[in-house]
Amino acid sequence: MYGIYDAAKLVESKASSKKDYLILQEVFTKLVEQDPSLYEARIWLAKSIRYTNLENALDVLKSVTTKLNADWRSVYRSFHLISKIYVSKNDSDKANNYRQLCLKSNPKYPVEY
């Protein structure tokens, strides 16, 4: 599984467009199905589905932030992406709330939009 994960991580790091993420959505879905504890894969999945279903992307990201043993890096990255989604929805209160949670989790994380 880790070979597949490492390959997906490399491919995701090169993804730069909506088209790239939509192509990779099925791969990320399969990774999460195979191992739900791969929180970084959940973030990749949310990044890919945000183009087609913002609410579903929010659900995936929020599931990462509520897991007791989630990797802390995945948590602050999720908070950041949730904040960006709320910015795109013009909900500045929720966007700012999640931005602050991101910064509490990692004060050095760059959160500019």
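A. Expanded view of the packing of helix H5 (residues 72-88) against helix H6 (residues 92-105). One way to put it is that H5 packs onto H6 with a least axis distance of 8 Å and a crossing angle of 160°. Looking at the two axes, H5 sits roughly antiparallel to H6. Judged by the sense of rotation from one axis to the other, the crossing of H5 with H6 is left-handed. Every residue of H6 that contacts H5 at Trp 72, Val 75, Tyr 76, Phe 79, His 80, Ile 82, Ser 83, Tyr 86 and Val 87 is listed here: Lys 94, Ala 95, Tyr 98, Arg 99, Leu 101, Cys 102 and Ser 105. Split into classes, the residues belonging to the contact of H5 with H6 amount to 11 nonpolar, three polar and two charged.

B. A look at the confidence of the model for the chain. Per-residue confidence for the chain gives a mean pLDDT of 92, with 96% of residues at or over 70. Confidence scores differ between elements of the chain, with helix H1 (residues 2-14) showing the lowest mean pLDDT of 87 and helix H4 (residues 54-65) the highest of 96.

C. Fine view of the nonpolar core. Counting residues in each nonpolar core, the largest one holds 34 residues, and the members touching the most others are Phe 28, Leu 31, Ala 41, Trp 44, Leu 61, Ile 82 and Tyr 86. Those elements that place two or more of their residues in this core are H1, helix H2 (18-34), helix H3 (39-49), H4, H5 and H6.

D. A look at the packing of H3 against H4. Closest axis-to-axis distance for the H3/H4 pair is 8 Å, and the angle between their directions is 165°. By the angle between their directions, the pair H3 and H4 is classed as roughly antiparallel. For the crossing formed where H3 meets H4, the hand is left-handed. Judged by residue contacts, Tyr 39, Arg 42, Ile 43, Ala 46 and Ile 49 of H3 engage Leu 54, Asn 56, Ala 57, Val 60, Leu 61, Ser 63 and Val 64 from H4. Here the contact of H3 with H4 is built from residues that sort into nine nonpolar, two polar and one charged.

How each quantity is defined
Residues numbered from 1 in each chain as written. Predicted model: local features only at pLDDT ≥ 70, side-chain atom pairs only at ≥ 80, totals over all residues. Heavy atoms only, no water. Axes fitted to C-alpha atoms, helices over the stretch in contact; angles between N-to-C directions. Helix = DSSP H or I, 4+ residues; strand = E, 2+ residues; numbered from the N terminus. Parallel < 35°, antiparallel > 145°, perpendicular 65-115°, else oblique. Left-handed = near helix turned anticlockwise from the far one by under 90°. Contact = heavy atoms within 4.5 Å. Nonpolar A, V, L, I, M, F, W, Y, C, P; charged D, E, K, R; others polar. pLDDT = per-residue confidence, 0-100. Core = buried A, V, L, I, M, F, W, Y, C linked by side-chain atoms within 4.5 Å. Buried < 20%, exposed > 50% of the residue type's maximum accessible area, 1.4 Å probe, protein only.

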